[in-house]
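Residue strings, one per chain:
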Amino acid sequence: MWGAMSKSNQEKPLFDTVAILGLGLMGGSLGMALKQRGVTRCVSGFARKESVRKAALKLEAVDQVFSDPQPAVAGAELVVLCTPLSTMAGLVERIAGALQSQAVVTDVGSTKLEILTELQKLLHKGTHVVGSHPMCGSHLTGIMAASPDLYEGAPCFVTPTARTHGASQRRVEKLWRSIGCKVKLLSPGEHDRLVAAISHVPHLAAVALVNAATDEQLAFAGSGFMDSTRIAAGSPELWRDICVTNRKEIGRGLKALIAELQKVERQVRSGRDQTLTATLERASERRQRL
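Every chain is numbered on its own, with residues counted from 1 as its sequence reads. With the structure being a predicted model, the display of local features is reserved for residues of pLDDT at least 70 and the display and counting of side-chain atom pairs for 80 or more, all residues being used for whole-chain, interface and lining totals. With hydrogens and water excluded, all non-hydrogen atoms of the structure serve as input to the side-chain values.

A. Spotlight on helix α6 (residues 166-178). Helix and strand assignments come from DSSP, with helices taken as H or I runs of at least 4 residues and strands as E runs of at least 2, each series counted from the N terminus. One fewer than the residue count of a helix, multiplied by 1.5 Å, yields its expected span. Under the 1.5 Å per step criterion, the end-to-end length of α6 is 18 Å for 13 residues, consistent within 8% with the ideal 18 Å. For each residue, the accessible area found with a 1.4 Å probe, counting protein chains only, is set against the maximum for its type, and the residue is called buried under 20%, exposed over 50%, and partly exposed in between. Residues of α6 that are buried: Ser168, Gln169, Val172, Glu173, Leu175, Trp176 and Ser178. Looking one or two places after α6, you find Gly180, whose phi comes out positive at around 100°.

B. Quick look at helix α5 (residues 113-122). Along α5, the positions that sit buried rather than exposed are Ile115, Leu116, Leu119 and Gln120. For α5, the angular spread of the buried residues around the axis is 130°, confining them to a single face. The reported arc concerns the directions from the helix axis to the C-beta atoms and nothing else.

C. Structural context of the sheet that holds strand β6 (residues 128-129). Here the rule is simple: two strands pair whenever DSSP picks up at least two bridges between them. With respect to topology, six strands assemble into an open sheet ordered β3-β2-β1-β4-β5-β6, the strand pairing being parallel. Of all the strands in the sheet, just β3 (64-66) and β6 have a single pairing partner and so form its edges. Pairing geometry for strand β1 (residues 15-21) and strand β2 (residues 40-46), over six bridges, is parallel. Bridging from a neighbouring strand, Val18 pairs with Val43 of β2. Only heavy atoms enter the contact rule, under which two residues are in contact if any of them lie within 4.5 Å. Structural elements are reduced to axes, namely lines fitted to C-alpha atoms, with helices fitted over the stretch in contact, and the angle between N-to-C directions of any two is expressed from 0 to 180 degrees. Set on the sheet, helix α1 (residues 25-36) makes contact with β1, β2 and β4 (78-81); between it and β1 the angle comes to about 165°. Across the sheet, α6 is in contact with β1, β4, β5 (104-107) and β6; its angle to β5 comes to roughly 50°.

D. Just the side chain of Asp241, in detail. Relative to the elements of secondary structure, Asp241 occurs in helix α10 (residues 236-245). Relative accessible area serves as the criterion here: at 5%, Asp241 is assigned to the buried category. What qualifies as a polar contact is a pair of N or O atoms within 3.5 Å, subject to a donor-acceptor requirement within protein and to the restriction that residues adjacent in sequence count only when both atoms come from side chains. A polar atom in the side chain of Asp241 sits 2.9 Å from the side chain of Ser86. Among residues more than four places away in sequence, those in contact with Asp241 are Pro84, Leu85 and Ser86.

E. How the structure looks around the state of the cysteines. Cysteine sulfur atoms that come within 2.5 Å of each other are treated as a disulfide pair. For the coordinates displayed, the defined rule picks out zero disulfides. Free cysteine: Cys82, not disulfide-bonded; nearest cysteine sulfur from Cys136 at 10 Å. On the accessibility criterion, Cys82 (13% relative accessible area) is buried. This cysteine, Cys243, is not joined by any disulfide, and Cys136 carries the nearest cysteine sulfur, 19 Å off.

F. Examining the pairing of β1 more closely. Counting buried positions over the seven residues of β1 gives six, a clear majority of the element. Classification remark: right-handed applies to a crossover when, strands pointing away from the viewer, the course from the first strand over the helix to the second runs clockwise. Each parallel crossover has a hand, and the one from β1 via α1 to β2 is right-handed.

G. The arrangement of unusual backbone geometry in detail. Backbone geometry places Glu60, a non-glycine residue, at a positive phi of 60°. For Glu60, the position within the fold is in the loop between α2 (50-58) and β3.

H. Inspection of the pattern of salt bridges at higher detail. Whenever a carboxyl oxygen of Asp or Glu lies within 4 Å of a side-chain nitrogen of Lys or Arg, that contact is scored as a salt bridge. This model, assessed by the stated rule, comprises 14 salt bridges. The salt bridge partner of Arg94 is Asp68, with a shortest N-O separation of 3.8 Å. You can see Arg94 sitting in helix α4 (residues 85-95) and its partner Asp68 sitting in the loop between β3 and α3 (69-73), a full 26 residues away along the chain. Judged by its relative accessible area of 43%, Arg94 falls in the partly exposed class. When the shortest N-O distance is used, the salt bridge between Glu173 and Arg177 registers 3.2 Å. Of this pair, Glu173 and Arg177 both sit in helix α6, separated by four residues, roughly a single helical turn. For Arg177, a relative accessible area of 47% puts it in the partly exposed group. Sharing partners across several salt bridges, the network here consists of Arg193, Glu249 and Arg252.

Given below as C-alpha cells:
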C-alpha cells in the first residue's frame, strides 16, 4: 500500500471510504472529483500497474493505493468498478469476502443487463450491487487523461432491478450527484436498448466508415470525415467488451441502421431528387434540434 490519508476540507463528508478499482480515465477522474469536492474522507484505489499507482498518488486521485483489490476495499462502504467489463466479475469474486457488511458495489460499465446478472450471483449476503453508467469519457485513455471535471453535467444512468436494495440505490445516486452528474433511473434492459442506439451503434458506424476507406483515400480526409469518425479511435478492448455484453441490442440497432442506409442507397441510385431531399432535410432538422 502506498500513500497517506489526507484530511477533507468538508467536516462531514457524504462517505467515509470509497474504493475505486481501476484507475484509468474513468477511475482516476472519479477519484479526483471525489477528493476535490470533499465527498469522502478517504479514496482507496486499486491498480495492477506500478506506474498507474504512482501516477494516481501524484495526481491526487487517491489517498491510498494497492496492487491487490482486497485490501483496497477493506472498510469501504462504497466500491466503484472502473475496469473493463470483461474483468468485473473476476474482480468481484476476489473481493466478495473482503467487503464489510452493507457495502455497496457499483460500476461505470457501458452495458448493464448481463454484467449485473453476473455480479448479483457473486456477492455475499449483506452486500449489495447497484448498476450505474455515467455517460462521459474520451477517445483518450489512461490516468494521465483524467480530469476532476469529467463528470460535471454528464448524464448518469442508475439501473435498479427488482432485487435492488433501496438504501444502496440512494447511496449510489448520491455519489454521482455529488460530483455533478444528472441521474436518470432506467432498468438494465431499457438502458442497454438506449445506449445501443445513441452510443454503441454510432461507434460501430464510425469504425465501418474508417475501415471502408482505403489508405490512399484516408490521406486526404478532411474535417468532416475526422468529426464523423473521431470515436473510432477509442479503445478496441473496451468496445469489444461492449459489443459482446450488449450483442442483442446492438444487433437490433445495426439492423435498423443497415435498413436506413439501404433506403438512402436506393434513393441515390434512383436519382429521385424529392425523396432524397426529404431524407436529408429530416436528418438536418433532427440534428439541429439536438
